[in-house]
Amino acid sequence: MNFFDWQFAREILPRLLDASLTTIGIALAGFAIAVVLGLFLAIGRRSRLRWLSWPITGLIEFIRSTPLLIQVYFLFYVFPNYGLNLSAMQAGIIGIALHYACYTAEVYRAGLDAVPRSQWEAVTALNMKPWTAYRDVILPQALRPVLPALGNYLISILKDTPVLSAITVVEIMQRAKNIGSESFRYLEPITMVGLFFLILSLGLAWCVRRLENRMELAR
Amino acid sequence: MNTPMQSTDTLNPTPQQPEQAQPLVRFAGVTKRYGELTVLDGLDLQIEEGEKVAIIGPSGSGKSTLLRVLMTLEGIDEGVIEVDGEPLTHMPDASGQLVPANARHLRRVRGKVGMVFQSFNLFPHMNALQNVMEAPVQVLGLSKREARERAEELLAMVGLEDKLEHFPAQLSGGQQQRVAIARALAMRPKVMLFDEVTSALDPELCGEVLNVIRRLGEAHNLTMLMVTHQMGFAREFADRVCFFHQGRIHEQGSPDELFNNPREERTREFLSAVNEAH
Amino acid sequence: MIELLPLLLQGAWVTVKVTFFGSLLAIAYALIAALARLSPVAPLRWLAITYIEVFRGSSLLVQLFWLYFVLPMPPFNVEMSAFAVAVVGLGLNIGAYGAEVLRGAIRSVHQGQHEACQALNMTPLTRMRRIILPQALLAAIPPGTNLLIELLKNTSLVSLITLSDLAFRARQLDQATLMTMEIFGLALVIYFVLAQAINFGMRQLERRLARGRMRGGLS
């Protein structure tokens, strides 16, 4: 019995790589939405209007303390009952985006909190509208320091995409499982998927660290 | 984390002279560098048993480093430090040659030295009594009962008999420093090192700490080495004052000699600068 | 809706058990890996780094599948029940994250504490056990709480290796009753309540451990 069948590994590699594109696509799309949506959630949470800030705070806390898997089930199985039919892929991307928007919102919040009070006093003194103040003064200062933290969430999203295999999205994990059940060999496909995630997340982590270092220098 | 670095180069072990009374602490040609910066520069210093020595000098002159290398918080690059006749950072091997000390030798010799820090460094998760009992139990192997008796006695001596159960965060700076003194004394060291022990305190709290040190000096024949900015205290308390400058003892003498009649220009400058500041 | 509750609660009980035993394992792994990571012995450090990076870098679901599908096959032939796989897998995964949290906490203990220990002639072991770790563990509680909630949420993935936890029961009930909205809504609420329970418990623990030592900050 050979330990790791390289021949078999080479055979299944194209199929896995093909599915890995789906994985990467889902992660990037989910991340892109989460980055934008999170910013709105963060600003909404800081709003002085309670009817806005309280529900947003509640939503963020709720989504952050419940599992992505159930949220995705909810989107995929509940919404069709109300006439909103989402494909597995759409439900998956929206689920991931919503889940991680609540995390990025907290990252933005930390960044916004770190902007000195005096900056707020300055924009008030200049009689700026809140929206202009955010866009021109506050956000540029708040965003730069949080970029590495956002990068770390891209890594987390990537590693969470296999959850979508539960709603039949054929990403790399689902493909590996399919290969396993066809051939009764699990060692190669699952190990290869593990390596895929390991390499990508180590690589991305390295990029994030470089980004951090560059920003340290820029200060 | 603080494993001292030792180097074997330029060791000059002098033959011991049994006919003479041995100094309790002896620095011979001790050099310590941080990269390019030489903090101790061939330092020589001898301290007799029971002597109280104050070390004064400008900031950054290496005063604290002198205490820290004696406590083995930092290694030295050259020279020998002896405590109670034994080399501290080195030990004789089978053939009598000095080699870098192993952990056991280091711990045995280090046990003769105690230290009180500028920032107290009390254990925040233990109350005053536990702070003082911890090392006697864990290091000296005393029973809890013995350690407790010793700790209660020492805490009473520093005037904190009613604060035994207080945690550091519940004590004032002066009280914390007095616990720290009791904690160091509980190990029964032969030499006590005081590293700017009042510098982190509000002025009105310095007195209670200095009083404890004063009483300690009167009641026990303890050898004390203190780095201090309190010139008044140094003058009144010390047997000998050393003016430290650029990694060496620039001038030393009795408090009377050094404060009233400094021979060296540098010493005069330093003292007048200090006087002006006050 | 009431008739759904018993089955869901049965599932929730499995979730609680997996979370509890998984947490115990995770804490043990985190402690061992953090100490090894800081050890002066280089091979121990390398081993710890490998463990930490592999289990943080490859996705949790991949790890669970690996333990569940690959490990029972030759050449390993290690067969574990789904429950054992769940506990071991989650423990290993969160333990790797915990190791980094704990390492940070150990390094955050003030240098003066190390110096005081040395001045009192303590051995490195005594220093770590009696002085450094008790302080580090307290500092690790807030980030550790987040990790435990991550662990709780991640237990939902064990439903994908056939363990009948809360997520599994929800999915099963959904197929049987088609009361989709109620079932997944209830499941989310149960997870949320469990997360709040962890939050509350850890805050109590922190308060008890911090008794007396917080006021005025650590010196």
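- Where an unreviewed UniProt entry is consulted, chain B appears under the name Arginine ABC transporter ATP-binding protein, with the organism given as Stutzerimonas stutzeri.
- Regarding chain B, the relevant UniProt record gives this comment under Sequence similarities (unreviewed entry): "Belongs to the ABC transporter superfamily."
- Its UniProt record, at the heading Subcellular location (unreviewed entry), says of chain B: "Cell inner membrane".

- The name an unreviewed UniProt entry gives chain A is Amino acid ABC transporter permease, with Stutzerimonas stutzeri as the organism.
- Recorded in UniProt for chain A, the comment headed Sequence similarities (unreviewed entry) runs: "Belongs to the binding-protein-dependent transport system permease family. HisMQ subfamily."

## Focus: the layout of surface pockets
Residues and elements named next belong to chain C.
Here is step 1: Its boundaries defined by the atoms lining it, the second largest pocket holds a volume of some 930 Å³.
Here is step 2: Lining the second largest pocket we find 36 residues, and of these I27, I141, L148, M202 and L205 sit closest to its centre.
Here is step 3: Mapped onto the lining of the second largest pocket, the elements with two or more residues apiece are helix 1 (5-37), helix 4 (82-108), helix 6 (124-154) and helix 8 (180-209).

## Focus: the UniProt feature "transmembrane region" (unreviewed entry) in chain A
Residue and element names in this part refer to chain A.
Here is step 1: UniProt marks residues 20-44 and 190-208 with the feature "transmembrane region" (unreviewed entry), using the numbering shown here.
Here is step 2: End-to-end, the C-alpha atoms of residues 20-44 are 35 Å apart, and along that stretch the chain is 100% helix and 0% strand.
Here is step 3: The annotated region residues 190-208 carries 100% helix and 0% strand content, and the separation between its end C-alpha atoms amounts to 27 Å.

## Remarks on empty space enclosed by the protein
Here is step 1: The full count for this structure, using the stated rule, is two cavities of 30 Å³ or more.
Here is step 2: If you add up the space inside the largest cavity, you get close to 50 Å³.
Here is step 3: Every residue lining the largest cavity is listed: F194(B), E196(B), V197(B), T198(B), L210(B), I213(B), M226(B), V227(B), T228(B) and F233(B).
Here is step 4: Looking at the lining of the largest cavity, the elements that each hand over two or more residues are helix 6 (203-219) and strand 10 (223-227) of chain B.
Here is step 5: Among the residues forming the lining of the largest cavity, the class breakdown is seven nonpolar, two polar and one charged.
Here is step 6: Of the volumes computed, that of the second largest cavity is approximately 40 Å³.
Here is step 7: Together, M115(B), V116(B), F117(B), A180(B), R183(B), A184(B), A116(C), A119(C) and L120(C) line the second largest cavity.

## Description of the interface of chain A and chain C
Here is step 1: Each partner contributes to the interface: chain A provides 38 residues, whereas chain C provides 38 residues.
Here is step 2: Where chain A abuts chain C, roughly 3,200 Å² becomes buried across the two surfaces, and 77% of that area is made up of carbon and sulfur atoms.
Here is step 3: Remark: the boundary between chain A and chain C carries zero salt bridges.
Here is step 4: On the surface where chain A and chain C come into contact, there are nine residue pairs in polar contact (both at pLDDT 80 or more).
Here is step 5: When residues of the side of chain A that touches chain C are traced back to their parent elements, those giving at least two are helix 2 (50-64), helix 3 (68-78), helix 4 (88-114), helix 7 (172-183) and helix 8 (187-218) of chain A.
Here is step 6: Considered class by class, the residues forming the side of chain A that touches chain C number 24 nonpolar, nine polar and five charged.

## Comments concerning the packing of helix 2 of chain A against helix 4 of chain A
Residue and element names in this part refer to chain A.
Here is step 1: In the contact formed by helix 2 and helix 4, the axes pass within 9 Å of each other and the chain directions differ by 115°. Of the two elements, helix 2 crosses helix 4, and the hand of that crossing is left-handed. Across the interface between the two elements, L59, I60, I63 and R64 of helix 2 pack against L98, H99, C102, Y103, A105 and E106 of helix 4.
Here is step 2: Along the lines of polarity and charge, the residues of the contact of helix 2 with helix 4 split into seven nonpolar, one polar and two charged.

## Here we look at the arrangement of the chains
Here is step 1: By contact count, the leading pair among the two pairs of chains in contact is chains A and C.
Here is step 2: Over all C-alpha pairs, chain A and chain B never come within contact, reaching a minimum spacing of 24 Å.

## Focus: unusual backbone geometry
Backbone geometry follows two general trends: most residues other than glycine have a negative phi, and most peptide bonds adopt the trans configuration.
Residue and element names in this part refer to chain B.
Here is step 1: For D84, which is not glycine, the phi dihedral falls at a positive 55°.
Here is step 2: Structurally, D84 is set in the loop between strand 4 (78-83) and strand 5 (86-87).
Here is step 3: By relative accessible area, which is 26% here, D84 ends up partly exposed.

## Some details on the sheet that holds strand 5 of chain B
Residue and element names in this part refer to chain B.
Here is step 1: Strands sit in the order 2-1-4-5 across an open sheet of four strands; the sheet is antiparallel. The open sheet has two free edges, formed respectively by strand 2 (37-47) and strand 5, since each of these has just one partner strand.
Here is step 2: Across five bridges, strand 1 (residues 25-34) lies against strand 4 in antiparallel orientation. The residue of strand 4 that forms the bridge with A28 is V80.
Here is step 3: Its contacts with the sheet place helix 1 (residues 63-70) against strand 1, strand 2 and strand 4, and it is angled at close to 115° to strand 1.

## Digging into the side chain of T89(B)
Here is step 1: Structurally, T89(B) can be placed in the loop between strand 5 and strand 6 (90-92).
Here is step 2: Within polar-contact distance, the side chain of T89(B) engages the side chain of H90(B) at 2.7 Å.

## As for the packing of aromatic side chains
Here is step 1: One pass over the full model with this rule turns up 22 aromatic pairs over all chains.
Here is step 2: Plain terms: the ring middles of F4(A) and W6(A) are 4.9 Å apart, the flat faces sit at 50° to each other, and that makes the pair tilted.
Here is step 3: W6(A) sits in the exposed class, given a relative accessible area of 62%.
Here is step 4: Ring centres 5.2 Å apart and planes at 75° place the aromatic pair F20(C) and F21(C) in the edge-to-face group.
Here is step 5: Overall, the relative accessible area of 39% leaves F21(C) in the partly exposed class.
Here is step 6: Following the ring pairs from residue to residue traces out a cluster consisting of Y73(A), F76(A), Y77(A) and F184(C).
Here is step 7: Across from the ring centre of Y103(A), 4.9 Å away, lies the NZ or CZ of R64(A), which sits over that ring.

## Some details on the interface of chain C and chain B
Here is step 1: In this complex, chain C contributes 29 residues to the contact, which on the side of chain B involves 29 residues.
Here is step 2: Surface buried jointly by chain C and chain B totals about 2,600 Å² across both partners, of which 55% is contributed by carbon and sulfur atoms.
Here is step 3: Sorting the residues of chain C by area buried against chain B places Q118(C), L120(C) and N121(C) first, and these three jointly supply 26% of that buried surface.
Here is step 4: The interface formed by chain C and chain B holds two salt bridges in total.
Here is step 5: One can count nine residue pairs in polar contact (both at pLDDT 80 or more) joining chain C with chain B.
Here is step 6: Elements supplying a minimum of two residues to the side of chain C that touches chain B: helix 5 (111-119) and helix 6 of chain C.
Here is step 7: With nine residues, the single largest contributor to the side of chain C that touches chain B is helix 5 of chain C.
Here is step 8: Broken down by class, the residue content of the side of chain C that touches chain B amounts to ten nonpolar, twelve polar and seven charged.

Quick notes on the rules
- Residues numbered from 1 in each chain as written.
- Chains lettered and ligands numbered in written order.
- Predicted model: local features only at pLDDT ≥ 70, side-chain atom pairs only at ≥ 80, totals over all residues.
- Heavy atoms only, no water.
- UniProt positions renumbered as here; feature names shortened; annotations may be inferred.
- 1 Å grid on protein atoms, 1.4 Å probe; cavity = no way out; pocket = protein on both sides within 12 Å on 5 of 7 lines; lining within 4 Å.
- Points joined across faces, edges and corners; volume = space filled by probe spheres on them.
- Helix = DSSP H or I, 4+ residues; strand = E, 2+ residues; numbered from the N terminus.
- Nonpolar A, V, L, I, M, F, W, Y, C, P; charged D, E, K, R; others polar.
- Contact = heavy atoms within 4.5 Å.
- Buried area = accessible area lost by both parts, 1.4 Å probe.
- Salt bridge = Lys/Arg side-chain N within 4 Å of Asp/Glu carboxyl O.
- Polar contact = N/O pair within 3.5 Å; in protein donor to acceptor, adjacent residues only side chain to side chain.
- Axes fitted to C-alpha atoms, helices over the stretch in contact; angles between N-to-C directions.
- Left-handed = near helix turned anticlockwise from the far one by under 90°.
- Buried < 20%, exposed > 50% of the residue type's maximum accessible area, 1.4 Å probe, protein only.
- Pairing = 2+ DSSP bridges.
- Phe/Tyr/Trp six-rings, centres within 6.5 Å; stacked < 30°, edge-to-face > 60°.
- Lys NZ or Arg CZ within 6 Å of the ring centre and 35° of its normal.

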